[in-house]
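Architecture and fold: a report
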Amino acid sequence: MDTPPVVPVDSLEGSLIEKINLLTKDFENKYGFPPEFIARVPGRVNLIGEHIDYCGYAVFPMAIDQEILMAVKPRQDQHLELSNVNPAYEDYSCELMNFDIDKGVPHWFKYCLCGVKGIMENSSKSKNKLKGLSARIHGLISPGAGLSSSSAVVCAAALAFAHVNGLVYKKQELADYCARSERYIGTEGGGMDQAIAMLATQGTAKLIEFNPLRAHDTKLPSGAVFVIAHSLAEVNKAASSLFNCRVMECRLAAKVLARIHGINPDSVTRLADVQFLLNKTLPEMASLAGLYLHDDPYSKEEVSKLLEMTESQLENKILSENTKDVNVFKLRQRALHVFQEAHRVWQFRDICNSGSVTALQELGQLMFDSHSSCRDLYECSHPQLDNLVEVSRNHCLGARLTGAGWGGCMVALVPENEVKSFIDHLKENYYKNLPTARGRDLDEIVFATQPGSGAAIFNL
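Named according to an unreviewed UniProt entry, the protein is N-acetylgalactosamine kinase originating from Daphnia magna. Quoted verbatim from the Sequence similarities (unreviewed entry) field of UniProt, the annotation for the protein is "Belongs to the GHMP kinase family. GalK subfamily."

Following the criterion strictly, the structure yields eleven aromatic pairs and no others. For the ring pair tyrosine 57 and phenylalanine 339, a centre distance of 6.4 Å and an interplane angle of 75 degrees mean the geometry is edge-to-face. A residue pair is termed long-range when its members are at least 10 positions apart, and tyrosine 57 in the loop between β2 (37-48) and β3 (60-74) and phenylalanine 339 in helix α11 (residues 331-354) qualify at 282 residues. Per residue, the accessibility class of tyrosine 57 equals that of phenylalanine 339, and both read buried. When the ring of tyrosine 89 is compared with that of tryptophan 108, the centres are 6.5 Å apart and the planes differ by 45 degrees; the resulting orientation is tilted. Of the two residues, tyrosine 89 is situated in the loop between β4 (79-84) and β5 (92-95) and tryptophan 108 in helix α2 (residues 108-120); the sequence distance between them amounts to 19 residues. Stacked on the ring of tyrosine 184, the Lys or Arg lysine 117 has its end atom at 4.2 Å from the ring centre. Over the face of the ring belonging to phenylalanine 368 we find arginine 393, whose NZ or CZ atom lies 4.3 Å from the ring centre.

Let us look at the sheet that holds strand β1 (residues 6-8). The strands making up a sheet associate through hydrogen bonds between their backbones, and the pairing can be parallel or antiparallel. Pairing is mixed across the open sheet formed by seven strands, whose spatial order is β1-β15-β2-β3-β6-β4-β5. Among the strands making up the open sheet, the edge pair consists of β1 and β5. Adjacent strand axes in the sheet meet at a mean angle of 25 degrees, parallel and antiparallel pairs treated alike. Lying on the sheet, α2 is in contact with β3, β4, β5 and β6 (133-139); it crosses β4 at an angle near 140 degrees. Sitting on the sheet, helix α5 (residues 192-199) is in contact with β2 and β3, with an inclination near 125 degrees to β2.

With that settled, the discussion passes to unusual backbone geometry. Cis rather than trans, the peptide bond between asparagine 211 and proline 212 has omega equal to 0 degrees. Positionally, proline 212 belongs in the loop between β7 (205-209) and β8 (214-218). With a phi angle near 50 degrees, glutamate 379 is a residue other than glycine that sits in the positive phi range. Along the chain, the position of glutamate 379 falls in the loop between α12 (359-376) and α13 (383-392). Positioned with a positive phi, tryptophan 406 is a non-glycine residue whose angle comes to about 55 degrees. With respect to the element layout, tryptophan 406 can be found in the loop between β12 (398-402) and β13 (409-415).

What follows covers the UniProt feature "domain: GHMP kinase N-terminal" (unreviewed entry) in the protein. Residues annotated in UniProt with the feature "domain: GHMP kinase N-terminal" (unreviewed entry) correspond here to residues 124-199. Within residues 124-199, the helical portion is 46% and the strand portion 9%, while the C-alpha atoms at the span's ends are 23 Å from each other.

Parameters and conventions
- Residues numbered from 1 in each chain as written.
- Predicted model: local features only at pLDDT ≥ 70, side-chain atom pairs only at ≥ 80, totals over all residues.
- Heavy atoms only, no water.
- UniProt positions renumbered as here; feature names shortened; annotations may be inferred.
- Phe/Tyr/Trp six-rings, centres within 6.5 Å; stacked < 30°, edge-to-face > 60°.
- Helix = DSSP H or I, 4+ residues; strand = E, 2+ residues; numbered from the N terminus.
- Buried < 20%, exposed > 50% of the residue type's maximum accessible area, 1.4 Å probe, protein only.
- Lys NZ or Arg CZ within 6 Å of the ring centre and 35° of its normal.
- Pairing = 2+ DSSP bridges.
- Axes fitted to C-alpha atoms, helices over the stretch in contact; angles between N-to-C directions.
- Contact = heavy atoms within 4.5 Å.

Written out as structure tokens, the structure is:
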């Protein structure tokens, strides 16, 4: 199916229907009338391929059972009425023709507005004929966990707003609109989160390529179970310059490598662009980055001279708004991570398809290698995440941070018959002595997961 499925809610069963029934009642208590449909968008875990989608490289995520549910009632006017089941998040309302998404504090409702704006910008209807909606969100993905809660909200709002207005788009189109519109909030993401949210298939992970967007089903080896564990260190990437700083360092590395090899730097924005123009393999690109980029950080002055522009031009033409004050850039380290991590993605895919008796062990080693690279070369880990991976090391096949990093979750590959003992090991040796874990339901913090399905509309 090319478009997100629209199915009657009475075709569902199990815990999902229970969650929908609770949200439906909550919506009616809030607004005084029932919703007409539920938009569901899953979270995701990236198995390997961190911080490389925005460099133009393939990634390897899968959808998870944790999700964003949005109960919706179409309106006959152009009013947007947004509320959240979580009382910590304030209500918000505005008019369709009169809202702005500033890049200040990333309030939860701004992600909804990003999704709405993505559809408005690509609608076949004139803006003054679009209808508003009343919506209530129930987020079952932990914020700051690195499981794509923010992108799931963007996708849910886009899907709901399109459905309210009778606009039908292919999954790839919705993923693209959402990826571009989420940048209004200030993060320069690459599109993985929105792609897996829309394109996920029950029972299979996806190798996702970009430009153009393509998704390939990849069956994981039998006996493979992935366990997600939250480090309980949290960061909001939209509220920090850390994420965008890495994007800019990769962009600068691409332009500097291009200049060194006689390519016009203005013709490239991503490291994949340079690889394409040089016609090199990923290992060859890693070698070139190691050879031509120096280990010491580059100053803004040095980068400007290499690119034959002033520092002011560098800030205004290349750097994002929240990275203009950054004065040093680690180009070699970031480029090495990207080229090596991109190569690991294809190795991961090939091992999954190989049928090798040692496949699980090989996949696990790639995951450990990926975490080391994220920690040492990309510097996007966190002491608690590193500790969680080390606690896991001799009790699983492989483990690594997943998501943007600087906190959030680890994903571990565990043999099917050892899942319970592994989770018990983490509870005893990581969470037991962690102050932030006290009073928490640990089964919501560490859990096994299998590949889930993508975004859908459930008519009530």
